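Architecture at a glance
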Amino acid sequence: MRKVSHTPLSVDDYRARITALVARTPVVATPLADCVGLVLAEDLVSPVPLPPFDNSAMDGYAVRAADVAAAGEDGAVALPVAADIPAGRTDVVPLEAGTAHRIMTGAPIPPGADAVVKVEDTDGGQERVVVRASVAPGTHVRRLGEDVAAGATVLGAGTVLGPPQLGLASAVGRADLPVHRRVRVLVLATGTELVEPGKPLLHGQIYESNSALLAAAVREIGGEPTVLRFVPDDVAVFRETVAAHAAGADLLVTSGGVSAGAYEVVKDALAGQGVEFLRVAMQPGGPQGCGRFDGLPVVTLPGNPVSTALSFELFLRPALLAAMGHRRVERPRATARTTVELRSPAGKRQYRRGRHSGGSVTPVGGPGSHLLASFAASDCLIAVPEDVTVVPAGEQVELVVLR
Ligand code: AMP
Ligand code: MG
């Protein structure tokens, strides 16, 4: 029996439904190199101070400030160089009064020294150094713990890990971090008319493009897509393909085959099997479906490329981000004045594609759901509310900022 709901669901209600369908991914210790863009699941507490020891901020000479107080415009001070401390030297040689140690940036300050004279203020000597400038105590010394105290929380749970955060995790000695693992998404396009890009095309056939779009969209937010070889409008082939790949996946996303025509393969295969087909009050992208097939969460998107893209944007993107622990799952919003009149069907939220700048927005292409090049050329969505059928030129509209 087909379960078809006739009252359209609002965009917001359907988004909540899809978000509830996709479970939070488990927390897995992950090497730092694989963590970029993922969300830290626990506070990161540093076991060490940073810097871990007092060290030199300059190439120069470690001294007692008092020993070089007489150096300056009127004269110089000569000191014997009693030791050489390159970065990485691990033994400890105290500095005797009246001597200098040659020291490199990042090398440990010897006990007894309280300042560094930079090499430019000396003659660079190796046995004996002539110092031409005095220094205040503490000059060019990077203090133990001045960046991070031992035991401090350096990254909070929920932090999105980017390059600086991963650098910091390494600096406090971590090789891996507990993150919500990438959400595993199966992508399955349907349509007998579809041909793999790169192959010859007959009249009546089109290149399959939703898989590339969806896989890239999943990957862009940190998910792990698996693109299944697209299937013709054949229920048996569809079911076999899903069954062969379902293990280990968090979600199956299909495209096509959910409208009101004949040969609606996804609907035919999944209706009454735990997946509900319904309409969302939006244009484009109205026909949708979601549920569980054999326990596997499934979201079935309409096939028109812009409908697929918009559905990902509005429903899957926030759901998948939330599944991976993100707290910010919404795109930035803005308002702008439309440069032309917009017309929209009553009772549906229309999403037009547009380009915006300096507080105004211009639609790119018409409302048609097949206009993929227009979508690729746009940097925002223009949302026309359900109860608005005409927006005169010069009026404010709501934008979803994509780029
Ligand atoms: P459907 O939702 O299956 O009725 O498809 C709606 C429209 O989108 C038709 O014009 C299809 O040819 C097209 N379409 C469906 N799936 C894809 C796909 N994977 N790539 C490109 N176009 C598609
Ligand atoms: Mg189709």
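So, how was this worked out
- Residues numbered from 1 in each chain as written.
- Chains lettered and ligands numbered in written order.
- Predicted model: local features only at pLDDT ≥ 70, side-chain atom pairs only at ≥ 80, totals over all residues.
- Heavy atoms only, no water.
- Phe/Tyr/Trp six-rings, centres within 6.5 Å; stacked < 30°, edge-to-face > 60°.
- Helix = DSSP H or I, 4+ residues; strand = E, 2+ residues; numbered from the N terminus.
- Buried < 20%, exposed > 50% of the residue type's maximum accessible area, 1.4 Å probe, protein only.
- Lys NZ or Arg CZ within 6 Å of the ring centre and 35° of its normal.
- Pairing = 2+ DSSP bridges.
- Near = heavy atom within 4 Å.
- Polar contact = N/O pair within 3.5 Å; in protein donor to acceptor, adjacent residues only side chain to side chain.
- Areas by Shrake-Rupley, 256 points an atom, 1.4 Å probe, with all protein chains shown as cover.
- Domains from an automatic or database assignment.
- Core = buried A, V, L, I, M, F, W, Y, C linked by side-chain atoms within 4.5 Å.
- Contact = heavy atoms within 4.5 Å.
- UniProt positions renumbered as here; feature names shortened; annotations may be inferred.
- 1 Å grid on protein atoms, 1.4 Å probe; cavity = no way out; pocket = protein on both sides within 12 Å on 5 of 7 lines; lining within 4 Å.
- Points joined across faces, edges and corners; volume = space filled by probe spheres on them.
- Nonpolar A, V, L, I, M, F, W, Y, C, P; charged D, E, K, R; others polar.
- Axes fitted to C-alpha atoms, helices over the stretch in contact; angles between N-to-C directions.

So, about the packing of aromatic side chains. This structure, assessed with the given rule, holds one aromatic pair. Between Tyr-14 and Phe-315, the aromatic rings sit 4.9 Å apart at their centres with planes inclined by 85°, giving edge-to-face as the arrangement. Pair noted here: Tyr-14 is in helix H1 (residues 11–21) and Phe-315 is in helix H6 (residues 305–323), with a separation of 301 residues, a long-range link. As far as burial versus exposure is concerned, Tyr-14 and Phe-315 are alike and both buried. Here the guanidinium or amino end of Arg-229 rests over the ring plane of Phe-230, the centre of that ring lying 4.2 Å away.

Bringing the pairing of strand S4 (residues 60–63) into the picture now. Consecutive side chains of a regular strand alternate in pointing toward one face of the sheet and then the other. Bridge count for S4 against strand S6 (residues 100–103) is three bridges, and the pairing is antiparallel. For Gly-60, the partnering residue across the bridge sits in S6 and is Ile-103. Two strands pair when backbone bridges link them, and S4 and strand S7 (residues 115–118) are joined in this way by four bridges, in the antiparallel orientation. Across the sheet, residue Tyr-61 finds its bridge partner in S7, namely Val-117.

This next bit is on the site of ligand 1. Close to ligand 1 lie 16 residues, the nearest being Glu-193, Glu-208, Ser-209, Gly-257 and Gly-303. In the model, an oxygen atom of ligand 1 is placed 2.5 Å from a nitrogen or oxygen of the Glu-193 side chain. In the model, a nitrogen atom of ligand 1 is placed 3.0 Å from a nitrogen or oxygen of the Ser-209 main chain. When isolated, ligand 1 has an accessible area of 480 Å², and the protein chains bury 78% of it.

Looking now at the domain arrangement of the protein chain. In terms of domains, the protein chain is made up of domain 1 (11–25 + 182–323), domain 2 (29–49 + 155–178), domain 3 (55–142) and domain 4 (333–401). Each of domain 1 and domain 2 has a C-alpha centre, and the two are 33 Å apart.

Moving on, we get to the nonpolar core. Within soluble globular proteins, side chains that are nonpolar generally end up buried alongside one another. Judged by nonpolar contacts, the single largest core of 40 residues is most densely connected at Leu-316 and Leu-320. Put simply, the parts of the chain that give this core at least two residues each are H1, strand S12 (184–189), helix H3 (210–220), strand S16 (251–255), strand S20 (296–301), H6 and strand S25 (380–384). Examining the composition of this core, we find that twelve residues originate from one element, H6, more than from any other. Mapped onto the domain boundaries, this core takes at least three residues apiece from domain 1 (11–25 + 182–323) and domain 4 (333–401). The residues touching Leu-320, leaving out its near neighbours within four places in the chain, are Val-22, Val-183, Val-185, Val-218, Ile-221, Leu-251 and Phe-312. By size, the runner-up hydrophobic cluster in this structure holds 19 residues, among which are Val-231, Phe-238, Phe-277 and Val-298.

As a further point, take the environment of Ala-336. With respect to the element layout, Ala-336 can be found in strand S21 (residues 333–338). In the structure, Ala-336 is positioned 206 residues away from Val-130 in sequence and 67 Å away in space, judged by C-alpha atoms. Contacts of Ala-336, omitting those with residues within four sequence positions, involve Gly-359, Ser-360, Val-361, Glu-395, Gln-396, Val-397 and Leu-399.

Okay, the UniProt feature "domain: MoaB/Mog" (unreviewed entry) in the protein chain next. Under the local residue numbering, the UniProt record ascribes the feature "domain: MoaB/Mog" (unreviewed entry) to residues 186–322. Annotation note: span residues 186–322, helix share 34%, strand share 27%, distance between end C-alpha atoms 18 Å.

A complete count under the given rule lists one cavity of 30 Å³ or more for this structure. By volume, the largest cavity amounts to about 60 Å³. The wall of the largest cavity is formed by Arg-15, Glu-313, Leu-314, Arg-317, Pro-318, Val-329, Glu-330, Arg-331, Arg-333 and Val-400. Take the lining of the largest cavity: its biggest share by element is four residues, from H6. Looking at the lining of the largest cavity, its residues break down into four nonpolar, no polar and six charged.

Taken in spatial order, the six strands make up an open sheet running S15-S12-S16-S20-S19-S17, and their pairing is mixed. Looking at strand neighbours, the two that pair on one side only are strand S15 (224–227) and strand S17 (275–279), the edges of this open sheet. Averaged over all pairs of adjacent strands, the angle between their axes in this sheet comes to 20°, without regard to strand direction. Note: S16 against S20, four bridges, orientation parallel. The residue bridging Thr-254 from the neighbouring strand is Thr-300, located in S20. Across the sheet, H1 lies against S17, strand S19 (287–293) and S20, angled at about 25° from S19, the strand it touches most.

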